[in-house]
Amino acid sequence: MTEEASFLRTLNDRPDDAFARLVFADFLEERGDPRGELLRLTHTLTESIDIPDRSELEERLRFLRNEGVQPIGPFWRNTLGMKFVWIPPGNFMMGSPREEEARYAWETQHKVTVTKGFYMGVHPVTQEQWRVVMSEDSSSVKGKKNNRPFEEALWDDCQEFIRRIREREKKLYRLPTEAEWEYACRGGTSTAFFFGETISTDQANYNGDFAYANGKKGTSREKASPVGSFSANSLGLFDMHGNAREWCHDRYGKYSSEDVIGPQGPNGRNRRRARPPS
């Protein structure tokens with residue numbers, strides 16, 4: 001077994017071992033491997049909010065991903081071939097600043113601490129995966145090899161999917177809370193999108209007939225793209241902007257104006273939170 005394989009095995013066995021992650025980053029950087037810098041930057045930017053030169057560090061993080069530097073995970077696959085990546089605990093500013101374009105009034109910006117790490121699907125659930133688990137495929141957009149996201153599930157449908165996959169895999173599955181989803185989507189960044197303050201249709205599938213901020217109009221594909229068609233963020237997650245809505249566990253409600261630790265969303269409401277495509 002190589003030294004790198006030994007490190008990866010350790011991270012797979014102990015994904016919450018932050019010290020091991022930083023030692024692995026040292027190992028990679030000493031060998032001129034840029035994955036080490038990406039790993040260290042992601043750790044630094046998710047560990048704390050108040051970091052000197054944060055904007056420059058975020059730009060460096062994006063530069064490394066644009067250059068094709070790959071996240072190290074750890075990753076694992078279930079028997080369906082669904083790939084998951086470890087999301088370490090950390091802190092971030094949830095919501096949006098008042099000056100951000102097209103923000104909702106309820107997006108009050110506040111500090112959130114994600115106290116426990118968790119595994120998250122690298123891609124949205126595909127039509128094929130939905131069909132295998134649920135023995136059906138009612139999606140209106142049929143993709144080649146059914147690798148487009150299954151985009152027509154209601155929240156209760158997702159709960160049934162989770163119940164069945166738990167039974168099949170004998171593992172604990174659940175939807176992320178909205179705080180977990182946004183934390184994972186940001187991947188250590190604080191801008192409107194992981195890509196920066198604007199977005200293009202080269203980076204995500206959305207209605208390109210409309211431009212955001214200083215961006216330009218682009219392609220309007222008018223249907224979901226195969227999962228993984230665009231670049232992943234610093235944690236290795238695809239399609240966090242655009243393509244299909246993604247359900248969260250939380251009920252719908254206004255954000256807190258105070259710092260929150262491990263939020264689970266408001267109680268007593270029937271509406272559930274879905275993070276919309278861009």
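For the structure, check the block above.
Report on the accompanying structure.

What counts as what
- Residues numbered from 1 in each chain as written.
- Predicted model: local features only at pLDDT ≥ 70, side-chain atom pairs only at ≥ 80, totals over all residues.
- Heavy atoms only, no water.
- Helix = DSSP H or I, 4+ residues; strand = E, 2+ residues; numbered from the N terminus.
- Expected span 1.5 Å × (residues − 1).
- Buried < 20%, exposed > 50% of the residue type's maximum accessible area, 1.4 Å probe, protein only.
- Arc of directions from axis to C-beta.
- Contact = heavy atoms within 4.5 Å.
- Axes fitted to C-alpha atoms, helices over the stretch in contact; angles between N-to-C directions.
- Parallel < 35°, antiparallel > 145°, perpendicular 65-115°, else oblique.
- Left-handed = near helix turned anticlockwise from the far one by under 90°.
- Salt bridge = Lys/Arg side-chain N within 4 Å of Asp/Glu carboxyl O.
- Pairing = 2+ DSSP bridges.
- Phe/Tyr/Trp six-rings, centres within 6.5 Å; stacked < 30°, edge-to-face > 60°.
- Lys NZ or Arg CZ within 6 Å of the ring centre and 35° of its normal.

1. A short note on helix α4 (residues 54-66)
Residues three or four positions apart in an α-helix share a direction because the helix packs 3.6 residues into each turn. The terminal C-alpha atoms of α4, which comprises 13 residues, lie 18 Å apart, in line with the 18 Å expected from a rise of 1.5 Å per residue. Restricting attention to buried positions, one finds in α4 the residues R54, E58, L61, R62, L64 and R65. For α4, the arc enclosing every buried residue in end-on projection is 160°, short of the 170-degree limit, so these residues lie on one face. Looking at the buried positions of α4, the neighbouring elements they touch are α3 (34-47).

2. Topic: the packing of α3 against α4
Interaxial distance between α3 and α4 falls to 10 Å at its minimum, and their mutual angle equals 140°. Overall, the two elements α3 and α4 adopt an arrangement that is oblique. Of the two elements, α3 crosses α4, and the hand of that crossing is left-handed. Facing P34, E37, L38, L41, T42 and L45 of α3, the residues of α4 in contact are R54, L57, E58, R60, L61, L64 and R65.

3. Focus: the pattern of salt bridges
With the rule as written, the count across this model stands at 17 salt bridges. The shortest N-O distance in the salt bridge between R164 and E160 comes to 2.8 Å. Residue R164 and its partner E160 are both found in helix α6 (residues 155-169); the two are separated by four residues, about one turn of the helix. Judged by its relative accessible area of 29%, R164 is partly exposed. Take E160: its relative accessible area is 24%, and that puts it in the partly exposed class. The salt bridge partner of E182 is R186, with a shortest N-O separation of 3.0 Å. Taken as a pair, E182 and R186 lie in helix α7 (residues 178-186) at a separation of four residues, close to a single helical turn. Across the pair, R186 and E182 agree in class, each one buried.

4. With respect to the sheet that holds strand β5 (residues 118-121)
Strand order in the open sheet made by the three strands is β1-β2-β5, with antiparallel pairing throughout. Single-partner strands in this sheet number two, and they are β1 (75-77) and β5. Taking each pair of neighbouring strands and ignoring which way they run, the sheet shows an average axis angle of 35°. Note: β1 against strand β2 (residues 83-87), three bridges, orientation antiparallel. When the bridges of β2 are listed, W76 appears paired with F84.

5. Quick look at unusual backbone geometry
Residue P74 is reached from G73 by a cis peptide bond, and omega for that bond is 15°. Among the secondary structure elements, P74 is positioned in the loop between α4 and β1. Its identity is not glycine, yet K170 carries a phi of approximately 60°, on the positive side. Topologically, K170 is positioned in the loop between α6 and α7.

6. Re the side chain of E58
As for its placement among the helices and strands, E58 is situated in helix α4. Contact partners of E58, with chain neighbours within four places excluded, come to L45, G188, T189, S190 and T191.

7. Quick word on the sheet that holds strand β4 (residues 110-114)
Strand order in the open sheet formed by three strands is β3-β4-β7, and the pairing between neighbours is mixed. Only two strands of the sheet have a single neighbouring strand rather than two, namely β3 (90-94) and β7 (260-261). Examined bridge by bridge, β4 and β7 share two bridges and lie parallel to one another. Counterpart to V112 in the pairing with β7 is V260.

8. So, the packing of aromatic side chains
The geometry of an aromatic ring pair is captured by the separation of the ring centres together with the interplanar angle, meaning the angle of the planes. For the structure on display, the rule yields 14 aromatic pairs. With a centroid separation of 5.3 Å and 75° between ring planes, the pair formed by W106 and Y255 is classed as edge-to-face. Here W106, found in the loop between β3 and β4, pairs with Y255, found in the loop between β6 (246-251) and β7; they are 149 residues apart in sequence, far enough to count as distant. Y255 sits in the buried class, given a relative accessible area of 13%. With centroids separated by 5.0 Å and ring planes inclined at 5°, the aromatic side chains of W130 and F161 adopt a geometry described as stacked. Note that W130 is positioned in helix α5 (residues 127-134) and F161 in helix α6, a separation of 31 residues in sequence. Both residues of the pair, W130 and F161, belong to the buried class. Put simply, the rings of W76, F84, W86, Y119 and Y173 touch in pairs and so form one group of aromatic residues. The positively charged end of K83 is found above the aromatic ring belonging to F75, 4.5 Å away from the centroid.

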